[in-house]
Amino acid sequence: MAAETPFSHRTRARALASMAAEPVDLLVIGGGITGAGIARDAALRGLRTALVDKGDFAGATSSRSSRLIHGGLRYLEQYDFHLVREASRERRLLLDLAPHLVRPLAFLFPVYRGARVAAWRLRAGMWLYDLLAAFRNVRLHRWLGRRAALKAEPGLRERGLVGAALYYDAQTDDARLVLAAIRGAAQAGALVANYTEVTSLVRPDGRVRGAMVRDTLTGEARTVRALIVVNATGPWVDGLRRLDDPQAPPLLRLTKGAHVAVPRGRIGNTHAVTLTSPIDGRVMFVLPWGDLSYVGTTDTDDVPPPDDVRASGSDVVYLLRSANAFFPQARLAPHDVICTWAGLRPLLAPERELAASAVPREHRIVESPSGLITIAGGKLTTFRVMGRDMVDRVARRLHELDGRPIPRQPPTDRVPLPGGEAADLDVLVEAARAREVPETTARHLVQAYGSEAAAVLNLVERERALGKPIIPGRPEIWAEVTHSVEREMALRLADVLMRRLHLFSETRDQAVSATTAVVERLGKLLGWDAARRSEEIADYAKQVAQSRAYLTEVARLSNP
Ligand SMILES: Cc1cc2nc3c(=O)[nH]c(=O)nc-3n(C[C@H](O)[C@H](O)[C@H](O)COP(=O)(O)OP(=O)(O)OC[C@H]3O[C@@H](n4cnc5c(N)ncnc54)[C@H](O)[C@@H]3O)c2cc1C
């Protein structure tokens, strides 16, 4: 059963040994959503597949998104109907393939007098949005008059409000979605290792035939021989292409996007709210997330190196000012911010210069003369299609190389992601409740693990203490720390607190108060000595400090 499939440091060690011992058909570089989708598709076609990431899975852009699986309403403004149709179809599929991780979300798009997007235009756009989803979205949109809009979202600014569109998209847990797709790849036979960096490409005769990889935890180097190497490194795509050809022209135009999370009670929103920023007219969102609301995103050209992305003081000010303009009672100030995150959009460089928000989001596959295949662009929502397109190309190249038959496309539109086998989440919650778990914990476990919540609770059955909350008053329990190591390949403190459990982004102290106890537990599971334990705490503290660096910049902005 999927719940019992291990995916741990031991699996990783075996995968690394195996990929070094025997050539693979395909080596995928990058364990964000793009690499995850490619590896899953390839493994399901029966290709001998390896995937490596220099950090944790989803450690970069794919855990810094707006967490939306969306048809892309705003691409209608760019008349990109193909993208909207494709993304709408993917939204519908993902709601079924991973119902625990991809959940329907009701959006309210208020319209004000004199707004950039006029009411008639929005109403027409909404019909088109439903039409392009073949009227198969969660529900059809509705138009609300001014009174109904205020009833739905009482905190909205009243002055100038004309009405609002109520429509539907979906929200996801981005980091866990990536993890689920990568685990799906591993279940189909892919060899997978995080903390494994590609340091150079192997090109004995001018053709790329593998890569040198370095275990970033131990420093150990290995050669992985591969018939095909795919570069799915998101914002690092151009850097990696230059390992192959130092003159390779850039494929990407990166833009930075930041978010802030604040206590939901301060804004009081019950829906996701779509707004056009009063500062520059850009479309942005106020999105509910449990007790929090997060506001995002910015879209700017101030692009730092991909390893060093964070929300700046001016990002935070922009986001709070935009939210305050629509929710005047919120009066959000920088000290209200619980957490920030930021990422670089790996967008395709347009042929001609465009404003950041007008850069297209579609993906492109490019092959270098030496055979390195790179994928650029795309988004979380369309990862399955990106994976399929890439593996179609890989399968053709393998056929040309050794004459093997081209395998059929696998049914990635029907195979659920791990944990997504259950159609009815309420039944799972009831099953968890029957095991004497409080309601909030039961709901949390089902949302995070789906049908695999049972595997977490099996740990509690074996050791009752693992049923206790990690942080008093919160739903996350100690069994999840063990689960994240044994079934989700967590290798570092930040893997657990930031991407498996989200305590980093959901607690005011970024879970710093829990680090000593969590490191203790991880140390036992992973065999850490005292020095490694201290190193983990110090490294985590550095990441917390980085996410809060905006505070000094905000202070400087207000007292120049
Ligand atoms: C602010 C923001 C909001 C967004 N919101 C949404 C949204 O709501 N919905 C949506 O559908 N899309 C959204 N997107 C787009 C989406 O998040 C990205 O398109 C997607 O996550 C990119 O995934 P990726 O796998 O290509 O890149 P990444 O997630 O960045 O993964 C690349 C990986 O490559 C690894 N890597 C790099 N170099 C090496 C090397 N030498 N060796 C090994 N590994 C290496 C990195 O460690 C990294 O993990 C958003 C993007 C941003 C920035």
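Check the entry above for the structure.
Let me sum up the structure you'll find in this document. Since we're looking at a predicted model, the values are computed, not measured.

About the thresholds
- Residues numbered from 1 in each chain as written.
- Predicted model: local features only at pLDDT ≥ 70, side-chain atom pairs only at ≥ 80, totals over all residues.
- Heavy atoms only, no water.
- Helix = DSSP H or I, 4+ residues; strand = E, 2+ residues; numbered from the N terminus.
- Rg over C-alpha atoms; globule rule 2.2 N^0.38 Å.
- Buried < 20%, exposed > 50% of the residue type's maximum accessible area, 1.4 Å probe, protein only.
- Contact = heavy atoms within 4.5 Å.
- Areas by Shrake-Rupley, 256 points an atom, 1.4 Å probe, with all protein chains shown as cover.
- Lys, Arg positive; Asp, Glu negative; His and termini not counted.
- Charge placed at Lys NZ, Arg CZ, Asp CG, Glu CD.
- Pairing = 2+ DSSP bridges.
- Near = heavy atom within 4 Å.
- Polar contact = N/O pair within 3.5 Å; in protein donor to acceptor, adjacent residues only side chain to side chain.

### Digging into the overall build of the protein chain
Within the protein chain one finds 19 helices and 17 strands. Over its C-alpha atoms the protein chain spans a radius of gyration of 23 Å, differing by no more than 12% from the 24 Å that the globule rule assigns to 560 residues. Considered along the principal axes of its C-alpha atoms, the protein chain spans approximately 70 × 60 × 55 Å. When burial is assessed residue by residue, the protein chain has 59% of its 560 residues classed as buried. Considering only contacts within the protein chain whose residues lie at least 6 apart along the sequence, 72% involve residues at least 24 apart. Element-wise, carbon and sulfur atoms account for 54% of the exposed surface of the protein chain, whose accessible area totals about 22,300 Å². For the protein chain, the separation between the mean place of its 77 positive charges and that of its 64 negative charges on side chains is 4 Å.

### Let's talk about the pairing of strand β12 (residues 272–276)
For β12, the buried fraction is high: 5 of the 5 residues fall into the buried class. Neither face of β12 is open: one carries Ala-272, Thr-274 and Thr-276, the other Val-273 and Leu-275, and all of them are buried. With 2 bridges joining them, strand β4 (residues 102–112) and β12 adopt parallel strand pairing. Residue pairing for β12: Phe-107 is matched across the bridge by Ala-272.

### Quick word on the pairing of strand β14 (residues 292–296)
The buried count for β14 comes to 5 of 5 residues, which makes it a mostly enclosed element. Residues Leu-292, Tyr-294 and Gly-296 of β14 are buried on one face, and the alternating residues Ser-293 and Val-295, pointing to the opposite face, are buried as well. Joining the antiparallel neighbours strand β13 (residues 283–289) and β14 is a turn of 2 residues, in which Gly-290 adopts a positive phi near 60 degrees.

### Things to note about the site of the ligand
Taken together, 37 residues surround the ligand, and among them Thr-34, Asp-53, Thr-61, Ser-62 and Leu-68 come closest. A distance of 3.3 Å separates an oxygen atom of the ligand from a polar backbone atom of Gly-378. Here an oxygen atom of the ligand sits 3.0 Å away from a polar atom, N or O, in the main chain of Leu-380. The fraction of the free accessible surface of the ligand (1,000 Å²) that becomes covered by protein chains is 95%. Elements represented by at least two residues in the shell around the ligand include exactly α2 (33–44), β8 (196–201), β11 (252–263) and β15 (339–348).

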